[in-house]
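Letter by letter, the chains look like this.
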Amino acid sequence: MVSSFASGLGAISLVETIAEIFFFVAIFSAFAIFFIVAIGNRSDADPTGSRPIAAYLFSGAFLFIWIAYFGIVAAAFSIINLIGSHPDSSFLPSTLSSGNSAIRACVLGVLLVVFAGGVGYLHLKKGNALADDEANPSGPTKRVMRSYVALTSFIAIIIVVLSLVVAMWLVFGLISPTIFVVGASRTATSRGLLDALVLVVLGATIFTYHQRFAPESLRTFSSRLGTGSSAHSSSASPPTSV
């Protein structure tokens with residue numbers, strides 16, 4: 001994806017960027033259809049009939065949130081790419097051509113965040129309200145919601161871990177470029193490091209935001225993991241007479 005941010009003039013690089021965004025979104029949509037619909041939408045009883053609309057809402061939230069994510073990534077990468085010098089263009093100075101490319105990517109990112117992010121947030125808000133209205137903690141809409149939270153958290157934490165590995169490798173490359181051959185120059189390595197940090201921050205933001213939709217005892221980094229069952233057992237036990 002980075003290559004299209006730094007390439008060319010005109011609309012060619014913009015079209016390539018959009019194509020890459022929708023390619024990754026198509027892959028994530030396939031995950032959503034399988035994980036949220038196929039796993040969460042089982043043949044259990046659904047007395048309220050809200051499971052299909054819950055599957056639609058959380059699948060839509062998943063799709064549009066990741067579209068907005070790639071929009072932010074496209075804008076951030078293009079801005080970071082302005083750091084340092086670039087090869088001269090045959091038509092315009094390198095600073096001007098890079099600036100035009102960054103402006104196009106930023107406008108695209110803002111449009112994706114405003115429209116796709118807004119629609120994704122509305123889908124998530126409505127789906128969460130639908131799940132909250134269900135009294136049964138093991139009801140179908142709550143299972144669909146938890147499937148959505150699990151899938152989104154899973155992808156986000158993978159992005160965070162892999163980006164952290166890349167970032168640390170690039171840090172070592174800046175410390176000792178002769179041992180860790182990571183780029184043509186320290187400037188290029190620094191740009192790569194900033195790209196990786198952007199992915200870390202965005203992935204961590206998505207992960208922490210979606211963990212709040214899971215019960216506290218089921219959150220990945222919750223200190224109360226497993227306390228729910230013990231509290232239930234202790235409250236269920238009869239009092240001891242003195």
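Small disclaimer: the values here were computed from a predicted structure and weren't measured.

Digging into the environment of A55
Looking at where A55 falls in the secondary structure, it is placed in helix α3 (residues 51–80). Note on A55: relative accessible area 7%, which makes it buried. Between the alpha carbons of A55 and Y148 there is a distance of 8.9 Å; along the sequence they are 93 residues apart.

Re the packing of α3 against helix α5 (residues 140–175)
It is at 8 Å that the axes of α3 and α5 come closest, and there the two elements cross at 20 degrees. Of the possible angle classes, the one that applies to α3 and α5 is roughly parallel. Of the two elements, α3 crosses α5, and the hand of that crossing is right-handed. Only P140, T141, R143, V144, M145, Y148, L151, T152, I155, A156 and I159 of α5 make contact with α3, whose side of the interface consists of R51, A54, A55, F58, A61, F62, I65, W66 and Y69. Considering only residue class, the contact of α3 with α5 consists of 16 nonpolar, two polar and two charged.

Thoughts on the nonpolar core
Of all hydrophobic cores here, the largest spans 34 residues; its most connected members are F58, F62, W66, Y69, L124, Y148 and I155. Counting only elements with at least two residues in this core, the list comes to α2 (12–40), α3, α4 (94–132), α5 and α6 (186–211). Not counting residues up to four positions away in its chain, the partners in contact with Y69 are I159, L199, L202, G203 and I206. Within the second largest apolar cluster, five residues are counted, among which are A167, L174, L193 and A196.

Focus on the packing of aromatic side chains
Here the structure, examined in full by the defined rule, presents five aromatic pairs. Between F58 and Y148, the ring centres sit 5.3 Å apart and the planes meet at 35 degrees, which makes this aromatic pair tilted. Of the two residues, F58 is situated in helix α3 and Y148 in helix α5; the sequence distance between them amounts to 90 residues. The buried category is assigned to F58, whose relative accessible area is 1%.

What about the side chain of H123?
Note that H123 resides in helix α4. Accessibility expressed as a relative area gives 11% for H123, which makes it buried. Here H123 is in contact with Y56, L57, G60, A61 and F64, once residues within four sequence places are set aside.

Describing a nonpolar patch on the surface
There is a patch of nonpolar side chains on the surface, built from I103, V107, V110, L111, V114 and F115 and spanning about 580 Å² of accessible area. Relative to the helices and strands, V110 resides in helix α4. A residue is classified by how much of its surface remains accessible, and V110, at 49% relative accessible area, is partly exposed.

A short note on the packing of α3 against α6
The contact between α3 and α6 brings their axes to 10 Å, and the two run at 155 degrees. Here α6 runs roughly antiparallel to α3, going by the angle between their axes. Read as a crossing pair, α3 and α6 show a hand that is right-handed. On α6, the residues touching I65, W66, Y69, I72, V73, A76, F77 and I80 of α3 are R191, L194, D195, V198, L199, L202, G203, I206 and H210.

Thresholds applied
Residues numbered from 1 in each chain as written. Predicted model: local features only at pLDDT ≥ 70, side-chain atom pairs only at ≥ 80, totals over all residues. Heavy atoms only, no water. Helix = DSSP H or I, 4+ residues; strand = E, 2+ residues; numbered from the N terminus. Buried < 20%, exposed > 50% of the residue type's maximum accessible area, 1.4 Å probe, protein only. Axes fitted to C-alpha atoms, helices over the stretch in contact; angles between N-to-C directions. Parallel < 35°, antiparallel > 145°, perpendicular 65-115°, else oblique. Left-handed = near helix turned anticlockwise from the far one by under 90°. Contact = heavy atoms within 4.5 Å. Nonpolar A, V, L, I, M, F, W, Y, C, P; charged D, E, K, R; others polar. Core = buried A, V, L, I, M, F, W, Y, C linked by side-chain atoms within 4.5 Å. Phe/Tyr/Trp six-rings, centres within 6.5 Å; stacked < 30°, edge-to-face > 60°. Patch = residues over 30% accessible without salt bridge, like charges linked within 9 Å, V, L, I, M, F, W, Y side chains within 5 Å. Areas by Shrake-Rupley, 256 points an atom, 1.4 Å probe, with all protein chains shown as cover. Salt bridge = Lys/Arg side-chain N within 4 Å of Asp/Glu carboxyl O.

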